[in-house]
Amino acid sequence: MNLVSRVFRAANWKYALGEIGLIFVGISLALAANSWYANLQNRSEERELLTQILFDLGADIQSIDQNMSAVKNKLRLMEMLQQHIDSGQPYTSDLDDAFRAILLVEGVSINSSSFDTLKYRGIDLISATELRNQLVDYYDAGKSSLDRRNEFDFVDSMSTEPYFKKNFRWDHRDLSMTPDRKSTRLN
């Protein structure tokens, strides 16, 4: 016991505790710096993804605007064709463009590639909870709503197809449509 007590008395406990304290402070500072840097990277990644999402939303709005213009044009052409039919006027080749515009179906889509990247990296990367929830709502609800609309447009287009197949010839090479030779009027 004498040897053990001499070792304990000979050790410089103040120096040892100081060393342990310095190691603890150093590790704590390293962990804090690492956490700060990771948070800085996350905020930078968040800004980058939000910028991409903003760009995608702008493209979505432009696509929807173009689709709305096409739908309005389609309605205008349908009214024009209906008036032409109701007045009993004969077919003219000027009507080909109207038929083509009515039959062609153009769907609307949401560009979700940036949001998919966000989901892959972790939706919690967006620090603002309300913004995160609104993005999820837009992409989830918006996608299913557009899918239903595109399906409706397709079914609507297909419902007119038998009439056109019966009364018109469709040329896929130039997308032209002309009345069948046995038809002299649009009925």
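The structure presented is a predicted model; accordingly, all values stated were derived computationally and were not measured.

Okay, the nonpolar core next. The biggest cluster of nonpolar side chains holds nine residues, and these are Leu-49, Ile-53, Ile-110, Phe-115, Leu-118, Leu-125, Ile-126, Leu-135 and Tyr-139. Mapped onto this core, the elements with two or more residues apiece are α2 (13-86), α4 (113-121) and α5 (129-167). One finds Leu-77, Leu-81, Leu-95 and Ile-102 within the second-largest nonpolar core, a separate group that totals six residues.

Our next topic: a nonpolar patch on the surface. Nonpolar side chains collect at one region of the surface, where Ile-23, Ile-27 and Leu-31 lie side by side and expose about 310 Å² of accessible area between them. Inspection of the secondary structure puts Leu-31 in helix α2. On the basis of relative accessible area, Leu-31 is assigned to the exposed category, the value being 56%.

Once that is clear, we can look at the packing of α2 against α4. Packing of α2 against α4 brings their axes to within 8 Å, and their N-to-C directions diverge by 155 degrees. In terms of axis orientation, α2 runs roughly antiparallel to α4. Seen from above, α2 lies across α4 with left-handed handedness. Each of Glu-45, Glu-48, Leu-49, Gln-52, Ile-53 and Asp-56 in α2 lies in contact with α4, whose residues at this interface are Ser-113, Ser-114, Phe-115, Thr-117, Leu-118 and Arg-121. Of the residues that constitute the contact of α2 with α4, the class distribution is four nonpolar, four polar and four charged.

As for its position among the elements, Ala-70 is in helix α2. Among the residues examined, Ala-70 registers a relative accessible area of 31% and is labelled partly exposed. In this structure, the C-alpha to C-alpha distance between Ala-70 and Ala-101, residues 31 residues apart in sequence, is 8.4 Å.

This model, assessed by the stated rule, comprises three salt bridges. Two residues, Arg-43 and Glu-46, come together in a salt bridge whose shortest N-O distance is 2.7 Å. Linking Arg-43 with Glu-46, this pair stays in helix α2, spanning three residues, or about one helical turn. Classification of Glu-46 as buried rests on a relative accessible area of 8%.

With that out of the way, let us pick up the confidence of the model for the chain. For the chain, mean pLDDT is 78; residues scoring 70 or higher make up 67% of the total. Taken element by element, the predicted model of the chain shows its lowest mean pLDDT in strand β2 (residues 176-179) (61) and its highest in α2 (88).

Criteria and thresholds
Residues numbered from 1 in each chain as written. Predicted model: local features only at pLDDT ≥ 70, side-chain atom pairs only at ≥ 80, totals over all residues. Heavy atoms only, no water. Core = buried A, V, L, I, M, F, W, Y, C linked by side-chain atoms within 4.5 Å. Buried < 20%, exposed > 50% of the residue type's maximum accessible area, 1.4 Å probe, protein only. Helix = DSSP H or I, 4+ residues; strand = E, 2+ residues; numbered from the N terminus. Patch = residues over 30% accessible without salt bridge, like charges linked within 9 Å, V, L, I, M, F, W, Y side chains within 5 Å. Areas by Shrake-Rupley, 256 points an atom, 1.4 Å probe, with all protein chains shown as cover. Salt bridge = Lys/Arg side-chain N within 4 Å of Asp/Glu carboxyl O. Axes fitted to C-alpha atoms, helices over the stretch in contact; angles between N-to-C directions. Parallel < 35°, antiparallel > 145°, perpendicular 65-115°, else oblique. Left-handed = near helix turned anticlockwise from the far one by under 90°. Contact = heavy atoms within 4.5 Å. Nonpolar A, V, L, I, M, F, W, Y, C, P; charged D, E, K, R; others polar. pLDDT = per-residue confidence, 0-100.

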